[in-house]
Amino acid sequence: MKENPLSANLVHEDQYIKERRASPAKTWASSLSSDLGFLLAFGYRCYSDEDAPGPRCGHTLTAVAATKTQGPRLILFGGATAIEGGASGIRLDGVTNSVHSYDVLTRKWTRIRLSGKPPSPRAAHAAAAVGTMVVFQGGIGPAGHSTDDLYVLDLANDKFKWHRVVVQGQGPRPRYGHVMDLVAQRYLVTISGNDGKRVLSDAWALDTGKKPYVWQKLSPKGDRPSARMYATSSARSDGMFLLCGGRDYSGAPMADAYGLLMYGNGQWEWTLAPGVSPSPRYQHAAVFIGARLHVTGGTLRGGRAIGGEAAVAVLDTAAGVWLDSTGL
C-alpha cells in the first residue's frame, strides 16, 4: 500500500529533501523557531505605542527569523483600515501599503520606512518569508483591481528596501484571496484565489534558487482540491505544503485540507488529508509547529466569526488525525 505523505513520520524524510541537503543550492530561505510559529498562530500581545498598526483586515502577518542584529519579528503589511456596507455589499476602505514590525522579544511595534518604490496599497494579498526577506504577491487595491506583481521586502543589514522582482514569461494572473508559502526552503508556491470573475483552483511555483525567475504552472497528480478563496497555507519543515479550508464560489466555508509535495523527479502530488476539520472556516490563520498544523479563528457562512472552543483545531500530520480543544 502506498504510504500517505501526510501521515509520514518527520524523521523519515522524503528522498527529495535528502538530495537537496546533499547538494545545497543558494536559496532565499531560513528556518523558523517553534516559539515564533506559536505567536503567529495564536496571536500576539502589543503594548500601546504610536507605531502600532491599528485595526485592519485583509493584511498579512509574516514571521521572520532572527538575524545578527534583530530578534524574531512579525511583519505586517497592507490591509484595509475600514469596511463600508451598503445595498451592493461590503466594500473595503482605507486600503494601505504601510509596513509595521512587531519585535517578539520586546513586544513593541515599529512602523518601518523603506527605500525603493513600494507596492501599491492593497488587501487580500499573499506573503511568504524567504530568509530575511518577505515576498508579496497579488491582492486587490482601492479601486477594486487585483494585481499579479511580485515584491520583496529586504530586511537584511538593517537597510530596509523594496525590490520589485522581474519574472519572465506568463505567471499567475491577477488575483486576491489566494495563498502562498515557501516549500522545501526553495519554491514559492501560490494557489487558488479569485481573479474578479471566478474562484480559482490553479497552482504555480517559482524556483527562488534559479535565475531568471520563472513561474511554472503545476499539474500535480492525486486528489486535486476544488476552487476556493480565503484559505490558509503553511509548509511543514520537510517540504509538505498544507492547504486548509477556504470559501467556495457560493460562499460556503470548507473543512477539507490537502497536502502538496514535490518529489525528487520534479513531480508534484496532492494528497487529501485524513478526517474532517471540526469547523469549516475561511479567513482563518494556520501555522505548523513541528508536525502539527495549528488552525485558529476564521469565519462561518453568513460572516459569523468562529468563537469559543471551536476556534482552535489542530491537524496532527504524523498521526493523521484532527484534534479539537478536547484532544490537545
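Quick note: structure is the one above.
The present account deals with the structure reproduced in this document. (Residues numbered from 1 in each chain as written. Predicted model: local features only at pLDDT ≥ 70, side-chain atom pairs only at ≥ 80, totals over all residues. Heavy atoms only, no water.)

Across its full length, the protein holds two helices and 24 strands. When contacts within the protein are restricted to residue pairs at least 6 apart in sequence, those whose partners lie at least 24 apart make up 55%. On the protein, roughly 15,600 Å² of surface is accessible, and the fraction owed to carbon and sulfur atoms is 50%. (Helix = DSSP H or I, 4+ residues; strand = E, 2+ residues; numbered from the N terminus. Contact = heavy atoms within 4.5 Å. Areas by Shrake-Rupley, 256 points an atom, 1.4 Å probe, with all protein chains shown as cover.)

This structure, assessed with the given rule, holds seven aromatic pairs. With 5.7 Å between their ring centres and 55° between their planes, F136 and W162 make a pair best called tilted. Pair noted here: F136 is in strand β8 (residues 133–137) and W162 is in strand β10 (residues 161–164), with a separation of 26 residues, a long-range link. By the burial criterion, F136 is buried, and W162 matches it. With a centroid separation of 6.1 Å and an interplanar angle of 85°, the aromatic rings of Y258 and W270 are classed as edge-to-face. Here the residue Y258 occupies a position in strand β19 (residues 257–262), and W270 occupies one in strand β20 (residues 268–272), the gap between them amounting to twelve residues. (Phe/Tyr/Trp six-rings, centres within 6.5 Å; stacked < 30°, edge-to-face > 60°. Buried < 20%, exposed > 50% of the residue type's maximum accessible area, 1.4 Å probe, protein only.)

Counting 17 residues, the largest nonpolar core has V183, V189, I191, F241, L243, L260 and W268 as its most contacted members. Among the elements of the structure, β12 (179–183), β13 (187–194), β14 (199–207), β18 (241–244), β19 and β20 are those that each provide at least two residues to this core. Aside from chain neighbours lying at most four places away, what touches I191 is H178, V179, D202, A203, F241, L243, L260 and W270. The next biggest cluster of nonpolar side chains, apart from the first, holds 15 residues, and it includes V152, L182, L188 and L206. (Core = buried A, V, L, I, M, F, W, Y, C linked by side-chain atoms within 4.5 Å.)

Turning our attention to the environment of A203. Here A203 shows up in strand β14. Sequence separation of A203 and S219 is 16 residues, and the distance between their C-alpha atoms is 7.7 Å. Contacts of A203, omitting those with residues within four sequence positions, involve T190, I191, Q216, K217 and L218.

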